[in-house]
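If you want the building blocks of each chain, they are given just below.
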Amino acid sequence: MKKAEAELIELGKKLAKDIKSGKNPSIEFQVRGLRNVEFDKKTQKLKLGERQATRTFFNVGHAKKFLQTIEVAKVSKELLEAEKHASLRDVFYMAKRTIPNSNINIVDEQKETDKALEDLELITSFPREQLHVNANKMGSVAGKVIIEDKGDTIDWSKLGSGGWSVPSNVEDILFKKVSAKYVIYMEKAAVWERLHEDKFWDKHDCIIMSSQGQTTRGIRRLLQRLAIEQKMPIFVLTDFDPWGFYIYSVMKFGSISLAHMADVLAIPEVKFLGIRAGDIEKYGLQKHFIKMNEQDTSRLKQLAQYDWFKNNKEWQKEFKMMKDFGAKAEIQALSSRGISFISEKYLPEKIKNKDWIE
Amino acid sequence: MAEHKTAEEMGAQQREISVAEFFERNRHLLGFDNKRKALLTTIKEAVDNSLDACEEAGILPEVSVEVVEMGDDRFRVIVEDNGPGIVRKQIPNIFAKLLYGSKFHTMKQQRGQQGIGISAAVLYSQLTTAKPVRITSRIGSKEPAHYFELHINTQKNAPEILADKEITWDKEHGTRVELDLEASYQKGDQSVDQYLKATAIVNPHAQIVYVNPKAEQIIFARVSEKLPPQAKEIKPHPYGVEVGTIVKMLKLTETRTLQSFLMNEFSRVGGGTAKDICENAALLPTMKPKDMQLPHIERLVQGIKNTKIIAPPTDCIVPIGSALLEQGVRKEVNAEFYTSVTRSPDVYRGIPFCIEVAVAFGGQQPGDQPMTLLRFANRVPLLYQQSACSVYKAIVQTNWRAYGLQQSQGALPVGPLTVAVHLASVWPPFTSEAKEAIAHYPEIIKEMKLALQECGRKLGMYVRKKMRIGQQRERANIFEKYIPEIADSISKLSGESKDVLLQALQKMIKKPEIIQQLQMPEQEPEHKQIKLTAVAETEDS
C-alpha cells in the first residue's frame with residue numbers, strides 16, 4: 001500500500017473515532033494565506049508558518065468545506081486503490097452531485113474541489129500528484145535536450161511547430177542528453193512561437209519554454225530539476241508590469257497559496273531577464289506604453305512591500321521606475337523594431353551583457 | 001400687409017369668461033382627463049361629500065355606491081348616504097353652480113376644499129351625455145323628500161331646474177345623487193374598487209357598500225363605532241397668508257382698525273403681537289382696513305415676517321389615530337406584521353398638520369415586487385401622480401435596507417410591504433386642483449420620514465427576527481442533509497460501518513452545544529482568506 005493511501009485511512013480512522021466518542025469531528029491543518037506565510041532568508045523560499053486551523057463538521061461556517069474535504073479524500077483513496085490518475089477536472093465531476101432530497105450540490109465549481117485538494121495536501125503532507133490527481137499538461141518546450149518519459153524517448157528539438165507539452169507530474173522523467181546551456185521561460189506563448197520559428201534555441205544552444213500566464217506546477221518542477229540536476233541558469237522573460245514581476249516572484253520564491261510546496265517548486269536560481277525598466281529607455285519602448293490602471297498601481301505597491309522584495313535594491317529600483325513611468329509595456333512591444341528583433345538583437349545582447357537581475 | 005384691428009374692434013370681442021366655460025375647456029385640472037379617471041373622480045367627489053356631511057352632523061356614515069354599465073361607454077353612478085340631507089333651497093346651488101359651498105371660506109380640516117368637486121362632476125356628466133343630474137334629499141322624518149333634476153347653465157354658472165317635486169322616500173334622512181356620464185371601468189390600480197378599499201382603510205367608522213358594473217357587491221364593514229371628533233375651525237395664522245389673501249380678508253372684515261383686524265381675523269395674534277406687527281410694518285394700528293392700499297399691504301406682509309409669532313394651535317387637527325389606522329389596514333391588507341404611528345402635529349407655512357403611518361408586512365403580499373404605497377390626505381385616498389407626491393419622496397429617501405428590505409437608489413423598496421401615509425391638515429398643500437399629490441414642503445417631508453423611520457425600526461426588528469428563525473431552520477437542515485454524505489465518505493476512508501457513524505452523527509445533532517451553534521447569529525468564517533487584490537493565483541490550472 002502506498003504511504004499516501006495509508007495516510008488517508010489514518011485520517012478516516014481519526015474522524016470515525018471522534019464521531020463514535022460523541023466528539024464534533026475535526027481536522028487540523030496549517031493555515032494557508034499571506035497571514036501564515038513567512039519568507040525564509042536562509043533558503044530564500046517562502047514557507048508556511050505555524051498557525052493551525054481546525055475544521056469541524058458541526059459548525060455552520062465549516063460544514064460545507066468539511067464535507068468537500070472528506071469528499072476529495074474519498075475520491076483520492078479510490079484512485080490510489082484502483083491505481084489510476086485523474087485530472088483536477090475529473091475530481092470535480094467525481095465529487096459533483098446533488099444531495100438527495102435537497103437542492104444542495106456537494107460542489108458547484110471546480111474551484112471548490114481544487115481548494116479542497118490543496119487542503120488535503122496540507123492535511124496529508126503529500127503533494128497532489130502523489131494523491132493521484134494531476135493537472136492538465138500545459139505549455140510548450142523546445143531545445144537541445146533528449147528525455148525519457150515512461151519508456152519513450154523524446155527529442156525536444158524534433159517536435160515540429162508545437163513543441164513538447166509539460167505534464168503535471170514530471171518526477172519520472174529522465175534527462176538522457178542535454179546540450180543546451182540555459183533556459184528561457186517566457187510568459188507569452190506568442191513570444192515562444194516567434195523564438196521557435198526563428199530557431200533561437202538552435203542558434204544559441206538553449207531551451208525555450210512557455211505557458212500562458214502563470215507557470216504550472218509541472219513546469220516549475222521541471223525547471224527546478226533542470227536547475228538542480230543540470231546546473232542550468234533559468235531566465236525569465238515577462239511583460240513589464242506588476243503581474244509579470246509576480247510570475248518571476250512565484251517561480252523564484254514560491255507562491256503564497258502553495259507555500260507548503262515551496263520546497264519542491266521554488267527555484268532560487270531563476271534570473272529576471274526582462275522586460276526591465278532599463279530596456280524601456282534603451283530600446284525606445286515608451287511609445288508603446290500602456291497607462292497603469294488602479295489595480296496595477298495597488299498591485300505594484302503590494303509587491304514592493306513583500307518581505308522578499310523589501311530589501312532588494314535592484315528590485316526596488318525597478319518598482320520605483322515603473323511607478324514613475326505610471327505605465328507598463330508588453331514583450332511584444334519589441335516587435336515594433338522588427339519582427340525578429342527579439343531573437344536577433346534583444347535577447348543575445350541581454351545575455352551577452354549579463355543584463356539581468358539575479 | 002396684414003390688416004390690423006383697432007382697439008374698438010378688439011374690445012368688441014373681449015368678454016367675461018364664465019367659470020363653467022373655463023372648466024369645460026380645462027377639465028383635466030379637475031381630474032376629468034380621461035374616461036377612466038372621470039368615473040373615479042365623480043365617485044370620489046360624491047363619497048367625500050357624503051362622509052363630510054355625515055361627520056359634521058354626527059352620524060355614523062353608511063354610504064352605498066353603485067355603478068351601472070349602460071353600454072356605449074356610458075355609466076350611471078348612484079351614491080346614496082344616510083347624512084343630514086340638504087335643505088330644498090340649497091340643492092340647485094350645491095349641485096349645479098361651480099365654486100359654491102361652505103368649505104372654501106373656512107380653515108378647518110375636512111375632505112373637500114374648494115366647492116368645485118361635485119358640481120364639476122355634474123358638468124362633466126352634462127357635457128358627455130346631456131342628461132341632468134338627479135338629486136333626492138330628505139332632512140328628517142317630518143319633512144318630505146325632495147327630488148330635483150338639474151342642468152348647469154355654463155354661461156351664467158347658474159343652475160337650471162328641470163324638475164322639482166316632493167316624493168316619498170323610505171330613508172328618514174340622507175341624500176342620493178344619480179348621474180350618467182361617459183366613462184370606462186377597469187379593476188386594478190387607480191380603479192374605483194381600489195379607491196373605495198383605501199377609503200375604508202382610513203375611515204374605519206364608515207360602512208361602504210359597493211356594487212360594481214359586474215353586479216358584484218362588496219361590503220367594506222365598519223370596524224369602529226366611534227365618530228372621529230369634529231375638527232375645530234381656526235383662523236389663518238399670519239405666517240401662512242400672502243398679499244392676495246389679505247386683500248380678500250380686508251374686503252370682508254367688519255373690524256374698524258388694523259389692530260383689531262389683526263387680532264380678530266388671525267390666530268395667535270393678541271394686542272401686543274398686533275402692535276409689534278404694525279410697528280415692524282411702519283403702519284398705524286389705528287389705520288382703517290378699508291383705506292389700506294397695495295403698498296400698505298405689502299408692508300404689512302413684510303412686517304408679519306419680521307415679527308415673532310407663536311405657532312398656530314394644533315388642536316384643530318384630527319388624526320385618525322395610530323390604533324384605528326392600523327385596524328383599518330388590518331381589515332383590508334392580509335399581512336403577518338402590522339405597526340403604526342401618529343406623530344405630534346407640526347406646522348408648515350403657518351398651517352398645522354399631522355402625519356400618520358401604518359405598515360403591513362408579509363402575508364400574501366408579493367415579495368419580489370415594489371411595495372404598495374397608499375397615500376391619504378384628510379382621509380381621502382390619493383391615487384394619481386404617485387411619483388410627484390412628497391410621500392413618495394419621503395419613502396424613497398428612507399433607507400429601507402436598514403430594515404431588512406431590498407431597495408435600489410432612488411426607488412421604492414422591494415418586498416411584501418404595504419405602507420399607508422396619512423396627512424391631516426386644515427389645508428393640505430396639493431400640487432394641483434385635482435388634489436392628486438401633496439406638495440414638497442420640507443417640514444412635511446421631514447415629519448413623514450420620521451414617522452416612516454419609527455415604523456421602519458419596528459419592522460426591521462420583526463424582519464430580522466424572522467430571518468434569524470429561518471436561518472436556524474436552514475442550518476439544522478444543512479447538517480441533516482450532510483450527515484449521510486459525511487457518514488458514507490468517512491466509512492469509505494476508515495472502513496468503519498456507515499450505519500454506526502450515521503447514528504452517532506444523528507444523535508449529536510440534538511446535543512445542546514450543537515443546538516447552541518444553530519442559534520448563533522453570525523458564524524466566524526473558518527479562516528478568512530487574505531485577499532490579494534486582484535491576484536488570481538492560477539498557477540495550478
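Residues numbered from 1 in each chain as written. Chains lettered and ligands numbered in written order. Predicted model: local features only at pLDDT ≥ 70, side-chain atom pairs only at ≥ 80, totals over all residues. Heavy atoms only, no water.

Trainee: Residues and numbers for the overall build of chain A, please.
Mentor: Along its length, chain A carries 14 helices and 17 strands. Residues counted as buried form 56% of the 358 residues belonging to chain A. Of the accessible surface of chain A, which amounts to about 15,700 Å², a share of 48% is contributed by carbon and sulfur atoms. (Helix = DSSP H or I, 4+ residues; strand = E, 2+ residues; numbered from the N terminus. Buried < 20%, exposed > 50% of the residue type's maximum accessible area, 1.4 Å probe, protein only. Areas by Shrake-Rupley, 256 points an atom, 1.4 Å probe, with all protein chains shown as cover.)

Trainee: Tell me about the packing of aromatic side chains, and name the residues and values.
Mentor: In total, this model carries 36 aromatic pairs over all chains according to the counting rule given. Ring plane angle 25 degrees and centroid distance 5.0 Å describe the contact between Phe32 of chain B and Tyr124 of chain B, whose orientation is recorded as stacked. Here Phe32 of chain B is found in the loop between α2 (19-25) and α3 (35-56), whereas its partner Tyr124 of chain B is found in helix α5 (residues 117-129), with 92 residues between them in sequence. A single burial state applies to Phe32 of chain B and to Tyr124 of chain B, both of which are buried. Note on Phe361 of chain B and Tyr462 of chain B: the rings are 6.2 Å apart at their centroids and 75 degrees apart in plane angle, and the pair reads as edge-to-face. Here Tyr462 of chain B lies in helix α13 (residues 442-494) and Phe361 of chain B lies in strand β11 (residues 351-361), a separation of 101 residues in the sequence. You can call Phe361 of chain B buried: its relative accessible area is 6%. Given a relative accessible area of 23%, Tyr462 of chain B falls into the partly exposed group. Note that Arg299 of chain A overlies the ring of Tyr246 of chain A, its terminal NZ or CZ placed 4.4 Å from the centroid. One cation-aromatic arrangement involves Lys37 of chain B over Tyr384 of chain B; the distance from NZ or CZ to the ring centre is 4.3 Å. (Phe/Tyr/Trp six-rings, centres within 6.5 Å; stacked < 30°, edge-to-face > 60°. Lys NZ or Arg CZ within 6 Å of the ring centre and 35° of its normal.)

Trainee: I'd like to hear about the interface of chain B and chain A, residue by residue, with values.
Mentor: The parts lose accessible area when they come together, and the size of an interface is often stated as this lost area. Across the contact, 36 residues belong to chain B and 67 residues belong to chain A. Between chain B and chain A, the buried area comes to about 4,600 Å², and carbon and sulfur atoms account for 64% of it. At the boundary of chain B and chain A, one finds three salt bridges. Here chain B is connected to chain A by four residue pairs in polar contact (both at pLDDT 80 or more). Those elements that place two or more of their residues in the side of chain B that touches chain A are α13, α14 (498-508) and α15 (512-519) of chain B. When residues of the side of chain B that touches chain A are assigned to their parent elements, the largest contribution, 13 residues, is made by α13 of chain B. (Contact = heavy atoms within 4.5 Å. Buried area = accessible area lost by both parts, 1.4 Å probe. Salt bridge = Lys/Arg side-chain N within 4 Å of Asp/Glu carboxyl O. Polar contact = N/O pair within 3.5 Å; in protein donor to acceptor, adjacent residues only side chain to side chain.)

Trainee: Break down the packing of helix α1 (residues 3-20) of chain A against α13 of chain B for me, citing the residues and quoting the values.
Mentor: In the contact formed by α1 of chain A and α13 of chain B, the axes pass within 7 Å of each other and the chain directions differ by 125 degrees. Judged on the interaxial angle alone, α13 of chain B and α1 of chain A are oblique. Crossing angle aside, the handedness with which α1 of chain A passes α13 of chain B is left-handed. Contacts between α1 of chain A and α13 of chain B pair Leu8, Ile9, Gly12, Lys13, Leu15, Ala16 and Ile19 of chain A from the former with Ile490, Leu493 and Ser494 of chain B from the latter. (Axes fitted to C-alpha atoms, helices over the stretch in contact; angles between N-to-C directions. Parallel < 35°, antiparallel > 145°, perpendicular 65-115°, else oblique. Left-handed = near helix turned anticlockwise from the far one by under 90°.)

Trainee: A description of the sheet that holds strand β9 (residues 152-155) of chain A should follow, citing residues and the corresponding values.
Mentor: Residues and elements named next belong to chain A. Taken in spatial order, the three strands line up as β9-β8-β11 in an open sheet, and their pairing is antiparallel. For this open sheet the edge positions go to β9 and β11 (174-178), each flanked by a neighbour on one side alone. Averaged over all neighbouring strand pairs, the angle between strand axes comes to 20 degrees, with direction disregarded. Bridge count between strand β8 (residues 145-149) and β11: four bridges; the pairing is antiparallel. Bridge assignment links Ile147 to a residue of β11, and that residue is Phe175. (Pairing = 2+ DSSP bridges.)

Trainee: I'd like a rundown of the confidence of the model for chain B, residues and numbers included.
Mentor: Residues and elements named next belong to chain B. In the predicted model, chain B carries a mean pLDDT of 85, and 90% of its residues have values of at least 70. Mean pLDDT across the elements of chain B ranges from a minimum in α15, with 66, to a maximum in strand β2 (residues 74-81), with 96. Considering only residues more than four positions removed or in separate chains, one finds that residues 521-541, a stretch of pLDDT under 50, has 56 contacts. Under the prediction, the complex receives an ipTM of 0.77, its pTM being 0.57. (pLDDT = per-residue confidence, 0-100.)

Trainee: Residues and numbers for α13 of chain B, please.
Mentor: Residues and elements named next belong to chain B. Taking 1.5 Å of rise per residue, the 53 residues of α13 would be expected to cover 78 Å, and the 72 Å separating its terminal C-alpha atoms lies within 8% of that figure. The largest bend along α13 measures about 35 degrees and falls at Tyr482, with the proline Pro484 one to four residues further on. Gly495 lies just past α13 and shows a positive phi near 85 degrees. (Expected span 1.5 Å × (residues − 1). Bend = angle between axes of the 7 residues up to and from the residue.)

Trainee: Any details on the nonpolar core? Residues and values, ideally.
Mentor: Counting 127 residues, the largest nonpolar core has Phe57, Ile207 and Met209 of chain A as its most contacted members. Considering each element in turn, this core owes the most residues, nine residues, to helix α2 (residues 63-82) of chain A. Each residue touching Met209 of chain A, except ones within four places of it in the same chain, is listed here: Ser140, Val141, Val183, Ile184, Tyr185, Met186, Trp192, Ile219, Leu222, Leu223 and Leu226 of chain A. Core analysis: the next-biggest nonpolar cluster, separate from the first, contains 47 residues, Val67, Ile86, Ile91 and Leu383 of chain B among them. (Core = buried A, V, L, I, M, F, W, Y, C linked by side-chain atoms within 4.5 Å.)

Trainee: Please set out the pattern of salt bridges residue by residue, giving values where relevant.
Mentor: Tallied over the entire structure, the rule returns 56 salt bridges over all chains. In this structure, Glu349 of chain A engages Lys282 of chain A in a salt bridge whose closest nitrogen and oxygen atoms are separated by 3.7 Å. Of this pair, Glu349 of chain A sits in helix α14 (residues 341-352) while Lys282 of chain A sits in helix α10 (residues 277-282), and the two are 67 residues apart along the sequence. Lys282 of chain A gets classed as partly exposed once you look at its relative accessible area, which sits at 48%. A single network of salt bridges, built from pairs that share partners, joins Arg76, Glu80, Lys131, Arg134, Lys171, Arg176, Glu178 and Asp180 of chain B.

Trainee: Account for the environment of Ile184 of chain A, with residues named and values stated.
Mentor: Residues and elements named next belong to chain A. By the element assignment, Ile184 lies in strand β12 (residues 182-186). On the accessibility criterion, Ile184 (0% relative accessible area) is buried. In this structure the C-alpha to C-alpha distance between Ile184 and Phe272, which are 88 residues apart in sequence, comes to 9.9 Å. Sequence-distant contacts of Ile184, defined by excluding residues within four places in its chain, comprise Phe200, Ile207, Ile208, Met209, Phe235, Leu237, Leu347 and Ile351.

Trainee: Account for empty space enclosed by the protein, with residues named and values stated.
Mentor: Residue and element names in this part refer to chain B. All told, the structure shown has six cavities of 30 Å³ or more when counted by the stated rule. Considering the residues around the largest cavity, the lining is formed by 14 residues, among which Asp52, Glu55, Gln109, Gln110 and Gln230 are closest to the centre. Taken together, the residues of the lining of the largest cavity break down into four nonpolar, four polar and six charged. For the second largest cavity, the calculated volume is near 110 Å³. Lining the second largest cavity are 14 residues, with Thr41, Lys44, Tyr384, Ala434 and Glu436 sitting closest to its centre. Of all the elements in the fold, those that place two or more residues in the lining of the second largest cavity are α3 and β13 (380-382). (1 Å grid on protein atoms, 1.4 Å probe; cavity = no way out; pocket = protein on both sides within 12 Å on 5 of 7 lines; lining within 4 Å. Points joined across faces, edges and corners; volume = space filled by probe spheres on them. Nonpolar A, V, L, I, M, F, W, Y, C, P; charged D, E, K, R; others polar.)

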